[in-house]
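# Structural features, examined
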Amino acid sequence: MSSDSSKKRKPKVIRTDGGPQEGKRSKADADQDVRYYSEECEVDLRNPIKDYELYRETCQELQRLMAEIQELKSRGIKDNASEIDERRIQSCVHFMTLKKLNRLAHIRLKKGRDQTHEAKQKVDAYHLQLQNLLYEVMHLQKEITKCLEFKSKHEEIELVSLEEFYKEAPPEISRPAITLSEPHQQTLARLDWELEQRKRLAEKYKECLTSKEKILKEIEVKKEYLSSLQPRLNSIMQASLPVQEYLFMPFDQAHKQYETARHLPPPLYVLFVQASAYGQACDKKLVVAIEGSVEEAKALYKPPEDSQDDESDSDAEEEQTTKRRRPTLGVQLDDKRKEMLKRHPLSVTVDLKCKDENVLHLTFYYLMNLNVMTVKAKVTTAIEMTTAISAGDLLSPDSLLNCLYPGDHGRKTPNPANQFQFDKVGILTLSDYVTELGHPYVWVQKLGGLHFPKDQPQHTITADNSLSASHMELTVKLLRTRLQSRLALHKQFASLDLCPQPSSAQVALSLISEHGVVPVSSSFWGSLWDIPSIGGLMGAASDVFSLPCSAKLQAAVVVNPGYSTLPPVFSLCLNWKGERNSSNDDNIRAMESEVNVNYKELWGPKPGYQLLTNQLQRLCMVLDVYLETEPHDPSVEGPKEFPQEKMCLRLVRGPMRLKPFKFNYPQGFFSHR
């Protein structure tokens, strides 16, 4: 840059439209410029569009000049310095033009804002005037409405019709000559007649009050008589209790039960009504009762009372709660689980008595938040039963009622909506709580009139009396049959624990339970667990019959919960001169078929509760046949280990060399099937 350009330059003024050119001025000239030159006035004369075009042209010219300066500098020729200075001067002139345009734009903006503000003030003033006028209009409309809606007191009085007035009112009150032509006088006359009628009615009302007092006195006398009669009736009822017990007509107890039944939830109420009706009509040995706290049941339906003491003590409680430690998330979840699994305070008990005086006690509960019913079972025997080691959990409350209907184990909730409720409080399955709450069997829901369809879910489940009545008879029969079969099975296990050795060989008996089996050490048990039907069955495990000999028969017995309708299934393994089972010995398979397939011959008298004992007896017989019909090994010195005692028509038959396992009664010999 040259030395002339580095010097401080005096301010220049850009003139347009033939204005004076920039140059030196005195102070007087400057004052004169202030008097006649003003950019604000110039803004009004200039066209904004032309200024915008001038701005664009100036910017383009600046870009061109800057590019030329850059190009000249890049060449590095000393002769270009004058050209660079000339273009710098032109650029400065354009910068001054841009500054002027910028000032003009700011002035236009300020003027636009001022004009907008003035217009806004005018609009606000007009809007305020409009609001004032609207308020005055609204006020006047309210006053007009009040005037139009004004009602006099006499308008609220229901007067008699004009025809009735002129017909019944005396002439001195009605005055037809005046009232027919003047509505005001007519209204006054009708009001006078209304007053006269009301005076007459007031006198009649006093007479009615007098007669009412007399009647009330008579009622009080009769109430005193009735109140004295109630204790006498109670004493008579108390005295008749022995007569009711003797005639088996407990009217007083039944009345109390029905009073308590009013507080039962709908499913338990349906169960109570249907079970009571079935007991009275078809089964005199079925006893239904209600247990629990009636006061707690009443408290469930009472609305919460708003007490002023809570409001007055709210500050003190807030201070105490802030001092207390907040419960953890685990404690909160436990509280929510307890609330969700809460049972109704009342429960229904059903006692099923058998002919031998054994009783099955069933207690039905209702889970209010889950809308399902549960049951707990207990058995009371007429005679104290010996504890059989092999009986296991035959009479256990947790497995006594399993599979009363096929596939109903009572471990899962039948209500599909419960799973979503469990997810909120962290409950995986209801089976973890059945020991405490009871089993939610499907037949229990049906006895309570509850039905949960899976294909068409309903929003509200209501207790249905017809559903309960349709399942009551069959369920009661199945329950009584289950109790009798389990007691008979328990008795058989007890006798098996104490029975003598019925065979010349050693027999080991193991019964599969729903939780497993106590296996006898053998590779035979490894293949037994591959049977898918073992899961969900019941039974126990024990060793029966021990005798010092070389043969040992291991029998695994799978007993279905529906015994004796469904027969037990035997799987055999004989340890004698090696391990023999159904996979490597056809005669062992034939022995299994003898007790598994031909079980109907062993059923005995109905209902066939001795089937298991008969199968074991037949198993011992065919084991003797198996051992006695085996050929004697000539290499062994001495007599035959198992001499033949059973009479057989033919020892073996066919290419598989099957032995005669069919017993012919009453001839007493064995033959082939």
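All of these numbers come straight from a predicted model, not from anything done at the bench. Within each chain, residue numbers correspond to sequence positions counted from 1 in written order. Owing to the predicted nature of the model, reporting of local features is limited to residues with pLDDT of at least 70; listing and counting of side-chain atom pairs is limited to 80 or more, with chain, interface and lining totals taken over all residues. Water and hydrogen atoms play no part in the side-chain values, which are based on all heavy atoms of the structure.

In this scheme Phe, Tyr and Trp rings, the latter by its six-membered ring, pair at centre separations within 6.5 Å, and the angle between planes marks the pair as stacked below 30 degrees, edge-to-face above 60, and tilted otherwise. Across all of its chains, the model carries six aromatic pairs by this definition. Seen from their ring centres, Y258 and F272 are 5.7 Å apart, and the 75° between their planes marks the pair as edge-to-face. Placement of Y258 in helix α11 (residues 251–261) and of F272 in helix α12 (residues 266–281) is noted, with a sequence separation of 14 residues between them. The cut-offs for exposure are 20% and 50% of the maximum accessible area for each residue type, with area from a 1.4 Å probe on protein chains only; residues under the lower value are buried, those over the upper are exposed, and the others partly exposed. Classification of F272 by relative accessible area gives buried; the value is 2%. Lying over the aromatic face of Y365, R343 brings its terminal NZ or CZ to 4.0 Å of the ring centre. Directly above the ring of Y626 sits K659, whose terminal nitrogen or CZ lies 5.3 Å from the centroid. A helix here means a DSSP run of H or I that spans at least four residues, while a strand means a run of E at least two residues long, and both kinds are numbered starting from the N terminus. Only Lys NZ and Arg CZ are tested; either one counts as a charge over a ring when it is within 6 Å of the ring centre and within 35 degrees of the ring normal.

With that settled, consider the side chain of Q615. By secondary structure assignment, the location of Q615 is in helix α23 (residues 611–628). Contacts are assigned to residue pairs with any non-hydrogen atoms lying within 4.5 Å of each other. Excluding residues that lie within four positions of it along the chain, Q615 makes contacts with P568, F570, V595, Y599 and L602.

What follows concerns α23. Take the number of residues in a helix, subtract one, and multiply by 1.5 Å to get its expected span. Here α23 is 18 residues long and its end C-alpha atoms lie 26 Å apart, about the 26 Å a rise of 1.5 Å per residue gives. With 15 of its 18 residues buried, α23 lies for the most part within the structure.

Side-chain atoms within 4.5 Å are what join buried Ala, Val, Leu, Ile, Met, Phe, Trp, Tyr and Cys residues into a set we call a nonpolar core. Counting residues in each nonpolar core, the largest one holds 50 residues, and the members touching the most others are L360, L362, F364, L401 and W443. Looking at this core, the elements that each hand over two or more residues are α12, β1 (286–292), β2 (346–353), β3 (359–367), β4 (372–380), α17 (418–425), α19 (442–447) and α20 (465–498).

Here we come to the pairing of strand β7 (residues 569–575). Counting buried positions along β7 gives five out of seven residues, so the element sits mostly inside the fold. If DSSP finds at least two bridges between two strands, the strands pair. Inspection of the sheet shows strand β6 (residues 552–558) paired to β7 by seven bridges, in the antiparallel sense. When the bridges of β7 are listed, Q554 appears paired with C573. Of the strand pairs in this sheet, β7 and strand β8 (residues 579–581) are connected by three bridges, and their pairing is antiparallel. Note on β8: the bridge partner recorded for N575 is E579. Here β7 folds back onto β8, and the loop between the two strands holds three residues, one of which, K577, carries a positive phi near 55°.

This next bit is on the environment of I107. Relative to the helices and strands, I107 is located in helix α5 (residues 81–149). A residue is classified by how much of its surface remains accessible, and I107, at 16% relative accessible area, is buried. The spatial distance from the C-alpha of I107 to the C-alpha of E39 is 8.3 Å, given a sequence separation of 68 residues. Excluding anything up to four places from it in sequence, I107 contacts E39, E40 and V43.

The term salt bridge refers to a side-chain nitrogen of Lys or Arg lying within 4 Å of a carboxyl oxygen of Asp or Glu. Within the structure shown, the criterion is met by 21 salt bridges. Among the salt bridges present, the one from R87 reaches E68, with a minimum N-O distance of 2.5 Å. With R87 in helix α5 and E68 in helix α4 (residues 48–75), the pair connects residues that are 19 residues apart, well separated along the chain. Across the pair E630 and K659 runs a salt bridge, and its minimum N-O distance is 2.9 Å. Here E630 is found in the loop between α23 and β9 (662–664), whereas its partner K659 is found in the loop between α23 and β9, with 29 residues between them in sequence. Among the residues examined, E630 registers a relative accessible area of 16% and is labelled buried. Each of the salt bridges in this network shares a partner with another, and the network as a whole consists of E42, R46, D51, K100 and R108.

The next subject is the environment of S468. When you line up the elements, S468 lands in helix α20. Those residues in contact with S468, other than ones at most four positions away along the chain, are V270, Q274, K446, L447 and G449. From its side chain, S468 meets the backbone oxygen of L447 in a polar contact 2.5 Å long. In the analysis that follows, any N or O atom pair within 3.5 Å is treated as a polar contact, provided that within protein one partner can donate a hydrogen and the other can accept it, and provided that, for residues neighboring in sequence, both atoms belong to side chains.

Bringing the confidence of the model for the protein chain into the picture now. The predicted model of the protein chain averages 79 in pLDDT, with 79% of residues at 70 or higher. Here pLDDT means the predictor's own confidence in every residue, given as a number from 0 to 100. Of the regions scoring below 50 in pLDDT, residues 501–548 engages in 133 contacts with residues more than four places distant in sequence or in other chains.

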